[in-house]
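Chain by chain, the residues run as shown.
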Amino acid sequence: MLVGVVLGVSPGGAFLFLLAGGIAGWLYRCTEGSHRRTVAGLFLIAFLLRVGVSVGLDVASRVATGQWPGRYSAPKEWELGIREASRETLKMGDSDYFSQRGYALAQFGRGNREPVVVMRSQTEYGWSSHCYLVGAFYHLWGFRPISVKWMNALFGAGLVVLVFGLGQFLFRSPAIARWSATAVALWPSLILWSASNLKECLVT
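Rules used in this analysis
Residues numbered from 1 in each chain as written. Predicted model: local features only at pLDDT ≥ 70, side-chain atom pairs only at ≥ 80, totals over all residues. Heavy atoms only, no water. Helix = DSSP H or I, 4+ residues; strand = E, 2+ residues; numbered from the N terminus. Buried < 20%, exposed > 50% of the residue type's maximum accessible area, 1.4 Å probe, protein only. Core = buried A, V, L, I, M, F, W, Y, C linked by side-chain atoms within 4.5 Å. Contact = heavy atoms within 4.5 Å. Polar contact = N/O pair within 3.5 Å; in protein donor to acceptor, adjacent residues only side chain to side chain.

This next bit is on unusual backbone geometry. The phi dihedral of Lys-91 falls on the positive side, at around 60°, and the residue is not glycine. By the secondary structure assignment, Lys-91 is in the loop between β2 (82-83) and α4 (93-109). A positive phi is found at Arg-172, a non-glycine position, where the angle reads about 55°. Tracing the chain through its elements places Arg-172 in the loop between α7 (150-171) and α8 (174-186). Relative accessible area serves as the criterion here: at 64%, Arg-172 is assigned to the exposed category.

The following block contains the structure:
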């Protein structure tokens, strides 16, 4: 039912939910028997927790600013035609910048050559491959500034799996691997980072 609601609001968001479920299923099948529930469960918990915090931050921004992020016109001259300041009130303006730049890249990929699109797409300031991931999401699914942040939730959940694997490899201890992965899944600052459009540890 939750996926159905998300699909109605954002097909891209529904895709990310289905992808997370598919990854969790794959982890359950491919992980060593005694650890499969831990790894798959922590991955899903980490993803859903980050999505929940992200949506909560968007709702808090709506309360603070009185408006949702969204698109109000096509890019024209020096105006992108979008509202995206959902993290500005939290002093996390880079999140909004990555979203705006990703949208400009998506528009550039569609052939739009308005000055604002060209400038935002080609400026060297703040360059990161993360911008291209955001741009690809917007190119495929349209401007969905709420659900685009769930990509970071997926990357943050992936970090949990990576830490579990490293704990097993380095210490040969299931307990250390489990507690390390749990700490990463639940650490507040990592959750906040993964609940916004900020460059994740797994993305350069």
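Structure shown, so let's carry the discussion forward.
Before going further, it helps to spend a moment on the nonpolar core. Grouped burial of nonpolar side chains is what soluble globular proteins tend to show. Counting residues in hydrophobic clusters, the biggest one holds 37 residues, and the most contacted among them are Phe-43, Phe-47, Leu-80, Tyr-138 and Val-160. Put simply, the parts of the chain that give this core at least two residues each are α2 (11-30), α3 (36-65), α4, α5 (115-122), α6 (129-141), α7 and α8. With 9 residues, α7 is the largest single contributor of residues to this core. Beyond its immediate chain neighbours, meaning those up to four positions away, Phe-47 contacts Leu-16, Phe-17, Ala-20, Trp-150, Ala-153, Leu-154 and Ala-157.

Looking now at the environment of Val-118. Within the fold, Val-118 resides in helix α5. Between the C-alpha atoms of Val-118 and Leu-105, which are 13 residues apart in sequence, the distance is 8.4 Å. Not counting the four nearest positions on each side in its chain, Val-118 is found in contact with Phe-108 and Arg-113.

For the rest of this paragraph, the subject is the side chain of Ser-128. Looking at where Ser-128 falls in the secondary structure, it is placed in the loop between α5 and α6. Here the side chain of Ser-128 touches His-130 through a polar contact of 3.0 Å, landing on its backbone nitrogen.

Worth remembering: the numbers are spatial, not functional.
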